[in-house]
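Chain by chain, the residues:
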Amino acid sequence: MAEKILRITFNGISTLTPGLPPNGAAPKAFVLMASSEGRERTNAWQGNIEPHSPFIYVPESIQWGEIPTPADSVNDDKLGKCNIYFIDNARVTFYPLPEPEVHYYTDSTRQMGVRPGSENVASEYDMRWLMHINEILPEATLKDAANPARGRIEERQVAAVVELPGGTLKANFACKSAQPKTFASPGGRIEGFKRVLATEFFIEMKFKEETTIVSLRLDPLRGPEDLSTGVPGNALFLQWGDRTAIDVRMGNDTKDEARALRSFRRCDARSRDVNGRPVMVPRDDDFDLHYDMLEDFGTRPLPQSGTTQTQVDACNPAAVGSNG
């Protein structure tokens, strides 16, 4: 029998740390979900920031044992009935552990371009397509109080953390017609950056072939004073059955956008306004939430789309470096 694979796809305001290490590997990685509670509803552009909720989106067919009551459920075009759990104050860990060390997939034989899709440009799964905040703010780092590698999270602007103890990270384009982005702040454009951004990333964790069940454990992020994580029993149990690979989604998005994951109709680039004109998505206003977990460098540039953009990209995930 082949190794067992657990594939987890992240979308929305999901901040991966560390970013791409020099040697393409790290002992452990973390995904941080920013809280939208208690912060301004607009950004420096006066753009509206919708309330976001970290979530786990799991096919009911792979859940094992007594299934905790979900906050919602949808019929996914690909995965069947899926249960959605909106989580908060949660540190998600895995047991048993997968094979150790996190590897970042890069297509070392090909360089980056404006977009993937040609023979001389890096594969769409290359992690360099994932937006790295240090590309536009080289000195940006996580706040110490938000850095999960340092232990307990004290920063209230972090709603959830997912620990990744091993596996291979890859970028992903759920909607294949993504347009190139630039970054700008209200004071002017930041030059030297123009390419498409991966709208998702995923990790493939390998488990020993005799593994039948893996648990996703949810411990309180900030200690026992608040035991509510959003999952009754604080654990989800997943089974492979006769499969060799199973899929789960996690993210940090509006509740409507989490539900919209059920269908690739969310990628429809032909949304139209009341006058029948294509709806342009000029800027990812929600990207501003990433910066709440970083040291303040005085500027919060946002991804900008060109005038031909008609696809709803939703929120862009990102990577960031840490200082320990």
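Now for a description of the structure that goes with this document. (Residues numbered from 1 in each chain as written. Predicted model: local features only at pLDDT ≥ 70, side-chain atom pairs only at ≥ 80, totals over all residues. Heavy atoms only, no water.)

Observations regarding the overall build of the protein chain
Quick note on the threshold: A helix here means a DSSP run of H or I that spans at least four residues, while a strand means a run of E at least two residues long, and both kinds are numbered starting from the N terminus. Throughout this description, buried means an accessible area under 20% of the type-specific maximum (1.4 Å probe, protein chains only), exposed means over 50%, and partly exposed covers the range between.
Assigned secondary structure in the protein chain consists of one helix and 19 strands. Expressed as a percentage of the 324 residues in the protein chain, the buried residues total 52%.

Here we look at the sheet that holds strand β9 (residues 101-104)
The line we're drawing: One requirement defines pairing of two strands: DSSP has to find at least two bridges between them.
Taken together, nine strands build an open sheet; the order of strands is β3-β9-β11-β14-β1-β17-β5-β7-β6 and the sheet is mixed. In this open sheet, the two strands that pair with only one neighbour each are β3 (25-26) and β6 (72-76).

Thoughts on the packing of aromatic side chains
Rules: The aromatic pairing rule takes the rings of Phe, Tyr and Trp, using the six-membered ring of Trp, and pairs them if the centres are within 6.5 Å, calling planes under 30 degrees apart stacked, those over 60 edge-to-face and the rest tilted.
Here the structure, examined in full by the defined rule, presents eight aromatic pairs. Ring centres of Trp64 and Phe237 lie 5.9 Å apart, and the angle between their planes is 70°; this geometry places the pair in the edge-to-face category. Of this pair, Trp64 sits in the loop between β5 (53-59) and β6 while Phe237 sits in strand β16 (residues 235-239); the two residues are 173 residues apart in sequence, bridging distant segments of the chain. Judged by relative accessible area, Phe237 falls into the partly exposed class, the value being 33%. For the ring pair Phe183 and Phe193, a centre distance of 5.3 Å and an interplane angle of 85° mean the geometry is edge-to-face. Taken together, the positions of Phe183 in strand β12 (residues 181-185) and Phe193 in strand β13 (residues 188-195) put the pair ten residues apart, joining distant regions of the chain.

Focus on the pattern of salt bridges
Note the threshold: Salt bridges are identified by distance alone: a Lys or Arg side-chain nitrogen within 4 Å of an Asp or Glu carboxyl oxygen.
By the definition in use, this model includes 19 salt bridges. Notably, a salt bridge pairs Glu3 with Lys206, separated by 3.8 Å at the nearest N-O pair. Taken together, the residues span a long stretch of sequence, with Glu3 in the segment before β1 (4-12) and Lys206 in strand β14 (residues 200-207) at a distance of 203 residues. Take Lys206: its relative accessible area is 37%, and that puts it in the partly exposed class. Across the pair Glu204 and Lys170 runs a salt bridge whose closest N-O atoms are separated by 3.7 Å. One end of the pair, Glu204, is in strand β14; the other, Lys170, is in strand β11 (residues 166-172), with 34 residues separating them in the sequence. Each of the salt bridges in this network shares a partner with another, and the network as a whole consists of Arg7, Lys170, Glu204 and Asp247.

Overview of the sheet that holds strand β19 (residues 318-319)
Taken together, the seven strands give an open sheet; going across it, the order is β16-β15-β8-β10-β4-β2-β19, and neighbouring strands pair in mixed fashion. Of all strands in the sheet, those with a lone pairing partner are β16 and β19, marking the two edges. Of the strand pairs in this sheet, strand β8 (residues 90-95) and strand β10 (residues 158-164) are connected by three bridges, and their pairing is parallel. Within β10, the position partnered with Val92 by the bridge is Val162.

Section: the pairing of β1
The element β1 is largely enclosed, with a buried count of eight among its nine residues. Pairing analysis gives eight bridges linking β1 to β14, with the strands arranged antiparallel. When the bridges of β14 are listed, Ile8 appears paired with Ile203. Sheet topology note: the β1/strand β17 (residues 245-253) ladder contains eight bridges and is parallel. Note that in β17 the partner of Phe10 across the bridge is Met250.

What to know about the layout of surface pockets
Under the convention used in this document: A cavity here means a set of 1 Å grid points, computed over protein atoms only, where a 1.4 Å probe fits but cannot escape. A pocket is an open set with protein on both sides within 12 Å along at least 5 of 7 lines, and lining residues have an atom within 4 Å of a point. Grid points are joined across faces, edges and corners, and a volume is the space filled by probe spheres set on the points. Note on residue categories: nonpolar means Ala, Val, Leu, Ile, Met, Phe, Trp, Tyr, Cys or Pro, charged means Asp, Glu, Lys or Arg, and polar means any other residue, Gly included.
Quantified by volume, the largest pocket comes out at close to 410 Å³. Lining the largest pocket we find 21 residues, and of these Thr9, Lys78, Asn172, Arg249 and Phe264 sit closest to its centre. Contributions of two or more residues to the lining of the largest pocket are made by β1, β14 and β17. It is β17 that contributes the most residues to the lining of the largest pocket, three residues altogether. Along the lines of polarity and charge, the residues of the lining of the largest pocket split into eight nonpolar, three polar and ten charged.

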